[in-house]
Amino acid sequence: MGNKHWQSFGELNRTEAFNDAAKDEFREDLPFVADNKGLLEAVRPRRDFLKYLGFSTAAAAVAASCEMPVKRVIPFANKPEDIVPGTANYYATTYVQDGDAVSILAKVRDGRPIKIEGNELSPITFGGTSARVQASVLDLYDTARLRYPYITRKQNEVTHEAIDRAIAVDLANLGGAPVVLLTSTINSPTTKGVIAQFLAKYPGSRHIQYDAVSHSGMLLANKASYGRQAIPTYRFDNAKVIVSLSADFLGTWLSPVEFAPQYAKGRKINEQNPAMSKHIQFESVLSMTGGCADERYLHRPSEIGAVAVALLNAVNSTGTTGISDAKLKAGIEKTATLLNANKGASVVVCGSNDPNVQIVVNAINEAIGANGKTIDWNTTLNYRQGIDSDFAQLVEDMNAGRIGALLIHGANPVYTWSDSKSVADGIKKVKVTISFNSKNDETTQLCKYVIPDHHFLESWGDAEPRSGSYSLMQPTIYPLFKTRQWQDSLLKWSGAPATDYYTYLRQYWLGVLGGEDGWNKAIQDGIVHPATSATTVKTSTATQDSTMAKSTPNVAIPAPVTTGAPTSGGTAAYNGGGLAAATAAISANAPKTSGTELYLYQKVGIGAGQGASNPWLQELPDPVTRATWDNYIIISPAMAKSLLGIDLEKAGDTDDYEVHPEKQVLKVTAGNKTVELPFLIVPGTHPNTIGIAVGYGRTPELGKAVTVGGGKNVYPFTSYTGSTISHIVPAVTIEKTGNTYPLALVQTHNTYDTPQGNRTEVVKEISLAEFKAKPNEILEEREEELEPFGGLEHFEKQGTIFPYHEKPGVKWGMSVDMNSCIGCGACVVACISENNIAIVGKEEVQRFHDMHWLRIDRYYSGNMDNPFVTYQPMLCQHCDNAPCENVCPVDATNHSSEGLNQMAYNRCIGTRYCANNCPYKVRRFNWADYTGADSFPDNQRQVLDAAVMNMNEPLTRMVLNPDVTVRSHGVMEKCSFCVQRLQEGKLKAKRESRPLKTGENNEWDLKTACQQACPTNVFVFGNVNDPNSAISQMRKNNPQRSYGVIEFLHTLPNVNYLTRIRNIDEHIGVGEEHHEGEGAA
Amino acid sequence: MNHHSRLGKHIGSVVILFFLFIVGFKANAQNGQSLFAANCASCHQVNKRLVGPALAGVEERGPWTDRKALHAWIHNPAGFMKTDPYTQGLFKEYGGVMMTAFPGLSEKDIDAILDYIKSVPAATAPVPGAATATNPEASGDNTLLFGILTLILAIVSFVLLQVNSNLKRLADDKEGVGGTEPLPFWRNKAYIAFVAVILFLISGYFTVSGAIGLGRSQKYEPVQPIFYSHKVHAGTNQISCLYCHGNTEVGKQANIPSVNICMNCHMGINEYKGPDKLVDGDGKEHDGTAEIQKLYQYAGFEYGKLWDASKAQPIPWVRIHNLPDHVYFNHSQHVKVGKVQCQSCHGEIQNMNEVYQFADLSMGWCINCHRNTQVQFKDNGFYSIYEQYHEKIKNGTLDTTNITVEKIGGTECQKCHY
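Rules behind the numbers
- Residues numbered from 1 in each chain as written.
- Chains lettered and ligands numbered in written order.
- Predicted model: local features only at pLDDT ≥ 70, side-chain atom pairs only at ≥ 80, totals over all residues.
- Helix = DSSP H or I, 4+ residues; strand = E, 2+ residues; numbered from the N terminus.
- Buried ≥ 20, exposed ≤ 12 C-beta atoms within 10 Å, placed from the backbone.
- Contact = placed C-beta atoms within 7 Å.
- Rg over C-alpha atoms; globule rule 2.2 N^0.38 Å.
- Pairing = 2+ DSSP bridges.
- Axes fitted to C-alpha atoms, helices over the stretch in contact; angles between N-to-C directions.
- Domains from an automatic or database assignment.
- Nonpolar A, V, L, I, M, F, W, Y, C, P; charged D, E, K, R; others polar.
- pLDDT = per-residue confidence, 0-100.
- Core = buried A, V, L, I, M, F, W, Y, C linked by C-beta atoms within 7 Å.
- Expected span 1.5 Å × (residues − 1).
- Parallel < 35°, antiparallel > 145°, perpendicular 65-115°, else oblique.
- Left-handed = near helix turned anticlockwise from the far one by under 90°.
- UniProt positions renumbered as here; feature names shortened; annotations may be inferred.

## Topic: the overall build of chain B
Okay, step 1: Looking only at helices and strands, one finds 16 helices and one strand in chain B.
Okay, step 2: For chain B, buried positions account for 21% of its 418 residues.
Okay, step 3: Counting only contacts in chain B whose residues sit at least 6 apart along the sequence, the fraction spanning at least 24 positions is 69%.

## Digging into the overall build of chain A
Okay, step 1: The secondary structure content of chain A amounts to 34 helices and 42 strands.
Okay, step 2: Computed over its C-alpha atoms, the radius of gyration of chain A comes to 29 Å, within 12% of the 31 Å expected for a compact globule of 1081 residues.
Okay, step 3: Its C-alpha atoms give chain A principal-axis dimensions of roughly 85 × 80 × 65 Å.
Okay, step 4: Residue burial in chain A is summarised as follows: out of 1081 residues, 58% are buried.
Okay, step 5: A fraction of 73% describes how many contacts in chain A between residues 6 or more apart in sequence connect residues 24 or more apart.

## A closer look at the sheet that holds strand E32 (residues 812–817) of chain A
All names here are of chain A.
Okay, step 1: Ordered by their spatial adjacency, four strands build an open sheet running E39-E32-E41-E40, and the pairing between neighbours is mixed. A strand with exactly one partner marks an edge of an open sheet, and here the two such strands are strand E39 (1019–1023) and strand E40 (1042–1043).
Okay, step 2: Pairing geometry for E32 and strand E41 (residues 1055–1058), over four bridges, is parallel. The partner of serine 815 across the bridge, within E41, is asparagine 1056.
Okay, step 3: Relative to E39, helix H34 (residues 1030–1037) is tilted by about 115°, and along the sheet it contacts E32, E39, E40 and E41.

## Considerations on the domain arrangement of chain B
Residues and elements named next belong to chain B.
Okay, step 1: Here chain B is described as being made up of domain 1 (28–119), domain 2 (230–361) and domain 3 (373–418).
Okay, step 2: Placing the centre of domain 1 and that of domain 2 at their C-alpha centroids yields a distance of 26 Å.
Okay, step 3: Domain 1 puts eleven residues into the contact, and the matching count from domain 2 is nine residues.
Okay, step 4: Among the residues forming the side of domain 1 that touches domain 2, the class breakdown is six nonpolar, four polar and one charged.

## As for the interface of chain B and chain A
Okay, step 1: Across the contact, 47 residues belong to chain B and 44 residues belong to chain A.
Okay, step 2: Listed by contribution, the elements that provide at least two residues to the side of chain B that touches chain A are helix H11 (259–266), strand E1 (317–318), helix H13 (331–337) and helix H16 (387–395) of chain B.
Okay, step 3: The residue inventory of the side of chain B that touches chain A, partitioned by class, reads 22 nonpolar, 20 polar and five charged.
Okay, step 4: Relative to E1(B), strand E2 (residues 72–73) of chain A runs antiparallel, the two sharing two bridges.

## Things to note about the environment of Leu900(A)
Okay, step 1: Along the polypeptide, Leu900(A) turns up in the loop between strand E35 (893–895) and strand E36 (901–903).
Okay, step 2: Leu900(A) sits in the buried class, given 25 other C-beta atoms within 10 Å.
Okay, step 3: C-alpha of Leu900(A) to C-alpha of Cys879(A): the two residues are 21 residues apart in sequence and 7.9 Å apart in space.
Okay, step 4: Discounting chain neighbours no more than four positions away, the residues touching Leu900(A) are Trp812(A), His878(A), Phe977(A), Val979(A) and Gln414(B).

## Focus on the confidence of the model for chain A
All names here are of chain A.
Okay, step 1: Residues with a pLDDT of 70 or more make up 91% of chain A, whose mean pLDDT is 87.
Okay, step 2: Across residues 532–568, where pLDDT falls below 50, the model places 75 contacts with residues more than four positions away in sequence or in other chains.
Okay, step 3: In this model residues 1070–1081 is a low-confidence stretch, pLDDT under 50, and it forms 30 contacts with partners more than four residues away in sequence or in other chains.

## Notes on the sheet that holds strand E29 (residues 728–742) of chain A
Residues and elements named next belong to chain A.
Okay, step 1: An order of E21-E26-E23-E25-E24-E29 is seen for the six strands of this closed barrel, with the pairing classed as mixed. Averaged over neighbouring strand pairs, the angle between their axes works out to 45° when direction is ignored.
Okay, step 2: The pairing of strand E23 (residues 633–635) with strand E25 (residues 673–681) spans three bridges and is parallel. By the bridge assignment, isoleucine 633 is partnered in E25 with phenylalanine 679.

## With respect to the nonpolar core
Okay, step 1: Grouped together as the largest cluster of nonpolar side chains are 307 residues, with contacts concentrated most on Val307(A), Ala308(A), Leu311(A), Val360(A), Ile364(A), Ile633(A) and Cys831(A).
Okay, step 2: Looking at this core element by element, the count peaks at ten residues for helix H10 (residues 304–315) of chain A.
Okay, step 3: Residues Phe36(B), Trp73(B), Ile74(B) and Ile117(B) belong to the second largest nonpolar core, which totals 14 residues.

## Topic: helix H6 (residues 107–119) of chain B
Okay, step 1: End to end, H6(B) covers 18 Å across 13 residues, agreeing with the expected 18 Å (1.5 Å per residue, within 8%).
Okay, step 2: Contact partners of the buried residues in H6(B): helix H2 (32–40) and helix H3 (67–75) of chain B.

## Focus on the environment of Ile408(B)
Okay, step 1: Checked against the element boundaries, Ile408(B) lands in the segment after H16.
Okay, step 2: Sequence separation between Ile408(B) and Val375(B) is 33 residues, and the spatial gap between their C-alpha atoms is 8.5 Å.
Okay, step 3: Sequence-distant contacts of Ile408(B), that is, excluding residues within four places in its chain, are made with Gly809(A), Val375(B), Tyr386(B) and Ile403(B).

## Focus on the packing of H2(B) against H6(B)
Residues and elements named next belong to chain B.
Okay, step 1: H6 packs onto H2 with a crossing angle of 100° between their chain directions and a minimal axis gap of 8 Å. Regarding the angle of H2 to H6, the classification is roughly perpendicular. Along the contact surface, H2 presents Gly32, Gln33, Leu35, Phe36 and Cys40, while H6 presents Asp109, Ala112, Ile113, Asp115 and Tyr116.
Okay, step 2: Residues of the contact of H2 with H6, tallied by class, amount to six nonpolar, two polar and two charged.

## Description of the packing of helix H4 (residues 131–140) of chain A against helix H26 (residues 826–834) of chain A
Residue and element names in this part refer to chain A.
Okay, step 1: Relative orientation of the contacting elements H4 and H26 amounts to 20°, with a least axis distance of 7 Å. Here H26 runs roughly parallel to H4, going by the angle between their axes. For the crossing formed where H4 meets H26, the hand is left-handed. Seen from H4, the contacting residues are Ala131, Gln134, Ala135 and Val137; seen from H26, they are Ala826, Val828, Val829, Ala830 and Ser833.
Okay, step 2: The residue makeup of the contact of H4 with H26, split by class, is seven nonpolar, two polar and no charged.

## Thoughts on the UniProt feature "transmembrane region" (unreviewed entry) in chain B
Residue and element names in this part refer to chain B.
Okay, step 1: UniProt feature "transmembrane region" (unreviewed entry): in the numbering of this structure it lies at residues 144–161 and 191–214.
Okay, step 2: Secondary structure across residues 144–161 divides into 100% helix and 0% strand, with the first and last C-alpha atoms of the span separated by 25 Å.
Okay, step 3: Taken end to end, residues 191–214 is 96% helix and 0% strand, and its two terminal C-alpha atoms sit 34 Å from one another.

## Remarks on the environment of Glu16(A)
Residue and element names in this part refer to chain A.
Okay, step 1: Tracing the backbone through its elements, the reader meets glutamate 16 in helix H2 (residues 16–23).
Okay, step 2: Given 14 C-beta atoms within 10 Å, glutamate 16 falls into the partly exposed group.
Okay, step 3: Each C-alpha atom, one on glutamate 16 and one on threonine 654, is 9.9 Å from the other, the two residues being 638 residues apart in sequence.
Okay, step 4: With near-sequence residues (within four places) excluded, glutamate 16 lies in contact with Ala651 and Asp655.

If you want it as structure tokens, here you go:
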């Protein structure tokens, strides 16, 4: 046991393999081609050498002797006024994916959207984004998108006119059979109007909203408790105590981009008066949100109802019953005490889809006074509106032949419904099936007519994610393919006289905003702010669709109408009538006490499956397991020991398990359903629970990313309980199969340790109580460490033999607040998107060749059964005394007068000395031509994964940022602090002849991509030489928590970290025994 | 070193030349003629109707006898027209095209323009181009002389060596030593080695310099789809560079003008009668009027009819100035911020009938300029953050002229490569 914090089991046990790994940055010879074989291993090394030599000479001669090509420079015929070639324009629009809606800005360079930024005007997200929002721009250029409408078979392209005619004939011949429009949640007011207009044309028709992972349980519970089938607005920023029962509210639950900034508000520390919210998580499988928690308690998945009831009873001081686990029971009691002590300033959220559990949670929230304080019923959240039973009814109707036509947008039930076969059979019995989905997904494959919708970046539209807060959508590129906005199709078929959706939308908003100026402003801002438009926009709720007008759009469409008038203070009248029945129902289903349970969860990148075809998201490491591509079975260390005989306290077992990417495959059986997947051991998993992520195992039609490590589909394991879908499988059996399957983990790729010794203090963490008692503890620790080299004050000049260099103008610096980092990965994908970072594919990740410039390291500390988790974003530290710079034989990496550690790609000859010498392990080497930068296009098709080769497609390459060099084979690269943005920001200031603004009065000339993307403002970046800049203020105001990672090496990093503070009373220290007493189950 | 100093001299002479050019230009910029060229000439001529009316005698027509009315009109034509029947008539006569407002022109500027209009005689005589100085080639090239000398010395030494070996052989013969058959020099290994080394060095030199030159294309002068003469436009007619290359001060690219920019003037100018001969690099003469007809074909325009801009097709110009993909260059940084003249990099563009690549655009060329060029240190507010330097300037320990681009980090890798 050495380190307080550990990343891998090998590190924890200091195994032989781990120590070996710490010796070398690179564990292989430089291959001549990416075939894993060094030259000397070849059969005839000399001949091979001559072959390579001859080939490269010939190739160079051919490449060089060609004449310079004649390049054309073709200007506009008529230049639009607002477009400056080579300069980006930003258009406000909205990311819409199923029910999710996030206000964004699309960066458009020369007609192509290339990057998504958060819209800082949004009162919901405040400019935050998520990994999926960031990655959505790549979906626009997905080669697997459907490119034209067709009937029955994909090969037969037809025109929109022809398909309209055929559909009109079919719809006219339905003989009165009802038409059903099946969509994922729609929160666009105008789309709801369009739908109402369409449905009015076909009497008996209906609109069903279907969410892959639904919140039906909550909607139904709220209807029972508050009389409103809606989800209220949560205000985590008002909460001092946040209790989550299995709700991954920062990662995948409801609206993480909205909750993250609220949550972060309570997690930021003011050093003068340290206080923070307390977050307690009850769960079965370690989620990303659970990793942020101050305290975590483990329970069986099926036990969640019992936990909720026990918590309610404890809050009401009627005794905690029905919980057998002592630690869990103590945790519930402690939580109840805290909740009662913070009445009106605490909130309980629950991820269960069981209405009974949610009714109990409503009762708890009533008891702790959350209603009206941390839960606001004045506005509702409209992200999820689907009711599972509506869809179950539809499946029944379809199979009974009662449905005439089925129109599908967004929803993909053939893949996501638990009984996929009955959906597929039902669809086959429907006379007319029409899909608007933009890819040939599992459901679309069964549809007769396919009229692909635009990507959201090509569309007009609006969204009402929170009632009364609107976000508008405008096209940022001319449609790439022969697609059509689906609202246009509906309007055409509803017989509206020559109205397109744009006109409809415009008319609607002109009416609401009262004129052209208002509309232009709204489109420019991308949002209609409730505060500014309170007089014109009436609040509405999610249930407005029934009242939407059926008039023609040229006659004024009525503004959204309020139903269920809000009462003052955001409270709603509570009706506890259903509580007794709910509690009874929960206790009737007494939780199991033996056997293994399966919990199906969503991953932050893949979601319910939306991200599966996006290579950026597939290669985004899971925040907790740090695995890329594929899904897998998560098991606890205890289960590994009892079931598989892997004792993680034994070094030999640890190495056997951890060193090789090949993992044992287990077979999971529940009833007649089985799945075979490899397993990963994750500390913090309940001993009798296994977890598997949904969203994998997609059809190959979705693109190359799903064929490379696409995982397996586990939606069949979900079950329909009669009212809702349950993601808990109470009884499963696990068997060994004897097979292995490789998993691409990045967790062990980077280690700070060296053969000379362990570098422990990469992560600094302290409990709030301790920090309050000894505010200068971290500072003193650092002072002591640096004492031999002049102490903190003189360390910079005295700790080195190298001369001191002035930074006369700008000096860049970054501060990373580990306290508010939630590990969501938005910054990682933003970095990929901004800097043209290559996706390398599963096989290459297995070989440690991942290219991410910014990674979020996950550290465990404490007890292996239920450890604390800390996320640490790690990027190039831009050391002022950089070890990498000294060892470069060609001076390809050197230091700028602004404090940047520069990398000149064209100078690099690929010795990799720099990466070897980098103590932070943030340098990345291009082992192959991942982005098609070489002069011979497509030269690695046989070598790299198909998903990687996508970057050789002209369509996909449209996403590349033209201001950043596309690196080629054999070149080192790393974080540049987004130097292209820095240069642009400086130039802006210079053109306006004024000093640079980096955060003074919240005015910014530039932000790095990670900083812009972060929903919780973890990153603060700017000019350290400017005393008023945000970064200077941040460092000035947080002296007690700031530190540099392994700073005693005198690397002088320009990135400082703020110590993670955990809101607990106990000391966080070395060894396991410390946590025994504090309720970790 | 020799190479460097010559390059320095060369750049020096170029800089002096442009300085002369700038001075001439600035003097002109004060008067109405250049204001007219910059602001009015796209729609008006003095003696000919274009998009707007001919301006000769403007002050004798309608309300314009009062200069105040003219000021008001030019500052805000739409506002003026609301109450003025004369301009309402003009609006109709000119096909409902509104005059562009020039709120930025001061009354003094407008007066200067009007004075210029008055000063133009009924038939305009072209103003000869400003700077016509030629660029003196670096004189006293001694390469040939050195070459001949080297050759002569080489022959002499060869002869001497031969003589020496003959004498040695004679001496040996005389003393009766040796008796080996004499080797002819072409079989003498020393000679062969010597020649091989010389050949290797020469071929090496050419290979290396050729390799360095790969991808560079100085003096590149391609044939363009339209024989467009910068000499006629920027030289003789004194049209500001920024009129056509309008993004130079705001964007990364200077922007090749779109067809509608050409047509601003060429809707009226359909023939070329200027004094300059349109001669291309091969000495062939072109007919300007025919070239304007080519433009009309791209624009879809028939002279005398209203132009429908939507019919225009872009002109596929051949790109001359190419930077490698890994180089970032921004025009606004150099022109707007650095106040660098266009000619510093593009040569005497105002004297080029057919544009060629003036500089080799090599990294050495960029870096040398960054080493020698002063930053607008006091004039640009951005540099106020360099407090140390300002302090030193106050103390007199640092001279503003010493603050070159290099001094503020302008030769660091990631200023251009990222």
